[in-house]
Amino acid sequence: MKITGTFIDEISHDIPHQNWGAKEWDADFAHMKKMGIDTVILIRCGYHQFLTYPSPYLIEKHNRFRPPVDLVKLYLQLADKYGMTFYFGTYDSGKYWETGDMHHEIDINLHVIEEVYRMYGHYQSFGGWYLSLELSRKTKGAVDAIAKLGTQCKTISGGLPVMLSPWIDGKKAVMATTGQITKDSGISLQEHEKEWNEIFDGIKDSVDIVAFQDGHVGYNDLEGYLHLNKALADTHGLRSWTNSESFDRDMPIKFLPIKWEKLLFKLEAAKRAGCEKAITFEFSHFMSPQSAYAQAGHLYNRYREHFKS
């Protein structure tokens, strides 16, 4: 199972910024292409005050900062150049993380989705949407928010696919701001099945692709959850991808590139589970030869040696 897609984590709150310009991003897309990546997914178009594109709506109506560079335009130009499909990630106000209620994110993103497709929908590589509202359990307002925003994406763009990347509330699902690596217990397969069966039933007409993050459960338990997630997606008519994290959750330093053996283990488990496509969070920090982390380039080399890409 090869990695053929990656998130672009340009607006982050827990990973150091690499301060790249157009030259570095062009080089990174070239490295992605050599590895076989054909899909890039913007993790979010903005977070709190900071934006990836000069949004008239967010700047004028919500007093967000005007970015010095239009990164959405740059990424679409590079995706066009390298023959990749670009998924646009929606805006994250941060209120959901503070309140636990996703309803805050609906109205602002209904406007953002319409604005973005008007500004960038003409690019050949604009091929889908990513709803940046990460969830694990049946969060307050989640089904309603995802259904409304997914429907808006499809209506505005003539039915382009909509993607989610949820997380599993396993033993490794701890806050990045704490020193913890694990918690005492995680959700059982039975609980996970019940909750996600209900969630999928509520969003199945508004979302096309689900790519569960694979780093929140133990390695011994991962394959069971992958099989369950695939079965649930099949039941509700959703495409099942895997988000194979290329950073390591097993260390107190958050976050460093993952050991190659662990990444390979997860990819092989996803293949056995029947996942359609593997994407990663994320290439530029944790797998790129020009990453700030030297280990990332070594991971890239081990990956290419193994798959002879």
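In the block above lies the structure referred to throughout.
The shown structure was predicted, so the numbers you read here are calculated from the model rather than taken from an experiment. (Residues numbered from 1 in each chain as written. Predicted model: local features only at pLDDT ≥ 70, side-chain atom pairs only at ≥ 80, totals over all residues. Heavy atoms only, no water.)

Visitor: Help me out: how do you make sense of the environment of H111 in this one?
Guide: You can see H111 is positioned in helix α5 (residues 104–120). Along the primary structure H111 and H122 are separated by eleven residues, whereas in three dimensions their C-alpha atoms are 18 Å apart. Of note is the side chain of H111, whose polar atom sits 3.5 Å from the side chain of Y57. (Helix = DSSP H or I, 4+ residues; strand = E, 2+ residues; numbered from the N terminus. Polar contact = N/O pair within 3.5 Å; in protein donor to acceptor, adjacent residues only side chain to side chain.)

Visitor: Teacher, can you tell me more about the sheet that holds strand β6 (residues 91–92) here?
Guide: Backbone-to-backbone hydrogen bonds join strands into a sheet, with any given pair of strands oriented parallel or antiparallel. Taken together, the three strands give an open sheet; going across it, the order is β4-β3-β6, and neighbouring strands pair in mixed fashion. With one partner strand each, in any of the chains shown, β4 (50–51) and β6 form the two edges of the open sheet. As paired strands, strand β3 (residues 46–47) and β4 are joined by two bridges and run antiparallel to one another. Considered in β4, the bridge of Y47 is made with F50. (Pairing = 2+ DSSP bridges.)

Visitor: Would you explain the sheet that holds strand β9 (residues 209–213) in this entry?
Guide: The sheet built from eight strands closes into a barrel, its strands ordered β1-β2-β5-β7-β8-β9-β10-β13 with parallel pairing. Strand after strand, the sheet turns through a mean of 30° between neighbouring axes, direction not considered. Summarising the sheet, β9 and strand β10 (residues 239–243) pair through five bridges and their orientation is parallel. By the bridge assignment for β10, A211 is matched with W241. Sitting on the sheet, helix α1 (residues 22–35) touches β1 (3–8) and β2 (39–42), and the angle it makes with β1 is about 155°. Those strands touched by helix α6 (residues 142–157) are β7 (126–130) and β8 (162–164), and its axis lies near 150° from that of β8. (Axes fitted to C-alpha atoms, helices over the stretch in contact; angles between N-to-C directions. Contact = heavy atoms within 4.5 Å.)

Visitor: How should I be thinking about helix α8 (residues 219–235) in this particular structure?
Guide: Helical geometry: 3.6 residues make up each α-helical turn, so side chains three or four residues apart lie on a common side. The terminal C-alpha atoms of α8 lie 25 Å apart, and with 17 residues this matches the ideal 24 Å at 1.5 Å per residue to within 8%. Those residues of α8 lying buried are L222, Y225, L226, L228, N229, K230, L232 and A233. Where α8 is buried, its residues meet α7 (189–203), β9, β10 and α9 (260–273). Just downstream of α8, G237 is the residue with a positive phi angle, here 75°. (Expected span 1.5 Å × (residues − 1). Buried < 20%, exposed > 50% of the residue type's maximum accessible area, 1.4 Å probe, protein only.)

Visitor: Explain the state of the cysteines to me, please; I cannot follow it from the model alone.
Guide: Two cysteines, two sulfur atoms, one covalent bond between them: this is a disulfide. With the rule as written, the count across this model stands at zero disulfides. Cysteine C153 remains unbridged, with the sulfur of C45 as its closest cysteine sulfur at 11 Å. According to the relative accessible area criterion, C153 is buried, its value standing at 0%. (Disulfide = S-S within 2.5 Å.)

Visitor: Help me understand the pairing of strand β5 (residues 85–89) in this model?
Guide: Side-chain positions along a regular strand alternate between the two faces of the sheet. Along β5, four of the five residues are buried, which leaves the element largely enclosed by surrounding structure. Relative to β5, β2 runs parallel, the two sharing three bridges. Looking at the pairing, V40 lines up with F86 of β5.

Visitor: Explain the packing of α6 against α7 here, please?
Guide: Axis angle and axis distance: for two packed helices, these are the angle between their axes and the distance between the axes, and together they describe the pair. Relative orientation of the contacting elements α6 and α7 amounts to 30°, with a least axis distance of 9 Å. Relative to α7, the element α6 lies roughly parallel. Of the two possible hands of crossing, α6 and α7 adopt the one that is right-handed. Between α6, through V143, I146 and A147, and α7, the contact on the second element is made entirely by I199, G202 and I203. Looking at the contact of α6 with α7 residue by residue, the class counts come to five nonpolar, one polar and no charged. (Parallel < 35°, antiparallel > 145°, perpendicular 65-115°, else oblique. Left-handed = near helix turned anticlockwise from the far one by under 90°. Nonpolar A, V, L, I, M, F, W, Y, C, P; charged D, E, K, R; others polar.)

Visitor: What is the right way to look at the packing of aromatic side chains in this model?
Guide: Applying the stated criterion across every chain, the model contains 26 aromatic pairs. Ring centres of F29 and Y75 lie 6.4 Å apart, and the angle between their planes is 20°; on these two criteria the pair is classed as stacked. Separated by 46 residues along the polypeptide, F29 in helix α1 and Y75 in helix α3 (residues 71–82) bring together distant segments of the chain. Ring geometry for Y117 against W129: centres 6.0 Å apart, planes inclined by 40°, an arrangement best described as tilted. Taken together, the residues span a long stretch of sequence, with Y117 in helix α5 and W129 in strand β7 at a distance of twelve residues. Y117 gets classed as partly exposed once you look at its relative accessible area, which sits at 22%. (Phe/Tyr/Trp six-rings, centres within 6.5 Å; stacked < 30°, edge-to-face > 60°.)

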